[in-house]
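# Fold and geometry: a report
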Amino acid sequence: MVINGNDYQGAKSCYFESHLKFQITTSEIILTRKNKKMSWGVNISNIIAKLYDGLEIYSATVQSLDERGIAKKCGLKERHQILEVNGQSVRGWQSEDLKKEFLENTTVTVVVITVEDRSITDLFLMANREHDLSYLWALRKLVKLSICNIDLSKDGLDLSAITTTLYELIVTNCSLKCITQLQGIGRLKSLKRLILTHNALDTLDARTMLKLHELTDLQLGYNQMKEFPIVLTKMVHLEELSLIHNQISNVPEDIIQMRSLEKLHLDNNVLTELPQYVTLQLPQLRALTLENNRFKDSPDRSSYSSDTLASRKKFFFKIGVTDNSLAQN
């Protein structure tokens, strides 16, 4: 068996037309030879991708096969990428580790993925596809990842080796208790949209959130937050924020730092008042929804139907289901 060692510096960010997939298609292939002296008849190219933050990702791809070799007869094909060998993930391996498994065994079981499947750009995983989570690192062109109804409360989700081209991440109804369970999310430098609805989040880790410099859309509805996460006021590029169906009782004055905020959704919380700075000191705000809160009195209409709001081109302001007079377009 020939092993070629190469280093690949950096990772290119490429965006492709999205084609939704609901699983990562892999194949298990059992390679068997009569004795250790027999050649497997396979040439495997080894690449160690050194990412910008020092993380190394090992990749083993079948480069060529002998026409009459054992590997080809057993079903291995050119351009197959090897994900597992004898039940072990190769993600953190070196080329010597792969050599050892092939040289010292007469039977080698590999899990492989085709070049087409590792080019997935849009992946939606639901219950019963938990095992696919361990192969995410191999998808080097992933742009959108959606995970729904998979319990992550115990092991979380390892995003540390996922492609930095990821643009949108949705993790909903997965029993997340804290954002740090999304291990390595801070590496996703291209992330624009993050949806973490229907989980068990009660706070946000500031250090993690502030690494998401490009984030513009954040959806945190249907969680267990009792306070408006103050770290969000420091995320100055956020354009849309949803905190619906939580237990938030007030909006901090620091919100005026969110100068890019265009849409704010606070429906179904326990707000008792709406400070004027929410509408008067957020220059880009175009939509504010506050249905089903606990306002003792309707906010002073004169404060919010002033020339300040009238001068905005399209401002939607809705406080309650029965107070339709306060909705403007």
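Placed above this text is the structure.
Along each chain, residues carry numbers from 1 onward, in the same order as the chain's sequence is written. Owing to the predicted nature of the model, reporting of local features is limited to residues with pLDDT of at least 70; listing and counting of side-chain atom pairs is limited to 80 or more, with chain, interface and lining totals taken over all residues. For the side-chain quantities, the full set of heavy atoms in the structure was used; hydrogens and water were omitted.

### Description of the overall build of the protein
Strands are runs of DSSP state E lasting at least 2 residues, helices are runs of H or I lasting at least 4, and numbering of each runs from the N terminus. Secondary structure assignment for the protein yields six helices and 19 strands. Each residue is assigned to one of three classes by its accessible area relative to the maximum for its type, calculated with a 1.4 Å probe on protein chains only: buried under 20%, partly exposed between the two thresholds, exposed over 50%. The burial tally for the protein puts 49% of its 329 residues in the buried class. For this analysis, residues touch if any pair of their heavy atoms sits within 4.5 Å. A fraction of 57% describes how many contacts in the protein between residues 6 or more apart in sequence connect residues 24 or more apart. All accessible areas in this document rest on Shrake-Rupley with a 1.4 Å probe, and a residue is counted as covered only by the protein chains that are shown. Within the structure as shown, the protein displays about 16,400 Å² of accessible surface, and the carbon and sulfur contribution to it stands at 45%.

### With respect to the packing of aromatic side chains
The criterion for an aromatic pair is that two Phe, Tyr or Trp rings (for Trp, the six-membered ring) have centres within 6.5 Å, with stacked assigned to planes under 30 degrees apart, edge-to-face to planes over 60 apart and tilted to the rest. Per the counting criterion, the structure on display carries two aromatic pairs. For the ring pair W40 and F102, a centre distance of 5.8 Å and an interplane angle of 90° mean the geometry is edge-to-face. A residue pair is termed long-range when its members are at least 10 positions apart, and W40 in the loop between β3 (26-32) and β4 (42-50) and F102 in helix α2 (residues 95-103) qualify at 62 residues. The residues W40 and F102 share a single accessibility class, namely buried.

### A short note on α2
Of all the residues in α2, the buried ones are S95, L98, E101 and F102. When α2 is viewed along its axis, its buried side chains cluster within an angular range of 130° and face the same direction. This arc is built from the directions going out from the helix axis to the C-beta atoms.

### Focus: unusual backbone geometry
Although it is not a glycine, N86 adopts a positive phi angle of roughly 50°. Considering the arrangement of structural elements, one finds N86 in the loop between β6 (81-85) and β7 (88-89). Using a relative accessible area of 29% as the deciding quantity, one classes N86 as partly exposed. A positive phi is found at H198, a non-glycine position, where the angle reads about 55°. Here H198 is to be found in the loop between β14 (193-195) and α3 (206-209). Residue H198 is classed as partly exposed on the basis of its relative accessible area, which comes to 38%.

### Re the environment of L139
With respect to the secondary-structure elements, L139 resides in the loop between β9 (122-125) and β10 (144-148). Taking C-alpha positions, L139 is 8.0 Å from T121, a pair spaced 18 residues apart along the chain. Beyond its immediate sequence surroundings of up to four residues, L139 is in contact with I24, I113, D117, R118, L123 and T163.

### So, the pairing of β9
In this analysis, strands are considered paired if DSSP registers two or more bridges between them. In this sheet, β9 lies alongside strand β2 (residues 20-21) in parallel orientation, the contact comprising two bridges. Residue L20 lies in a different strand from β9, and its bridge partner there is D122. With four bridges connecting them, β9 and β10 associate as parallel partners. Bridge assignment links L125 to a residue of β10, and that residue is I147.

### Re the nonpolar core
Core analysis: the largest hydrophobic core is formed by 85 residues, its most contacted members being L76, L136, L145, L169, L194 and L232. If you tally residues by element for this core, the top one is strand β8 (residues 107-113), at five residues. Aside from chain neighbours lying at most four places away, what touches L194 is L169, I179, I185, L212, L215, D217, L218 and Q219. Think of a nonpolar core as a cluster: buried Ala, Val, Leu, Ile, Met, Phe, Trp, Tyr and Cys residues, connected wherever their side-chain atoms sit within 4.5 Å.

### So, the pattern of salt bridges
Should a side-chain nitrogen of Lys or Arg be within 4 Å of a carboxyl oxygen of Asp or Glu, the pair is scored as a salt bridge. Summed over all chains, the structure comprises seven salt bridges. D158 is the partner of R91 in a salt bridge, and the nearest nitrogen-oxygen pair spans 3.1 Å. Taken together, the positions of R91 in the loop between β7 and α2 and D158 in strand β11 (residues 157-158) put the pair 67 residues apart, joining distant regions of the chain. Of the residues examined, D158 reaches a relative accessible area of 31% and is grouped as partly exposed. Taking the shortest distance from any N to any O, the salt bridge between R129 and D132 comes out at 3.0 Å. Salt bridges here are not isolated pairs; linked through shared partners, they connect K144, E168, R193 and D217.

Remember that the coordinates give geometry; whether it matters functionally is a separate question.
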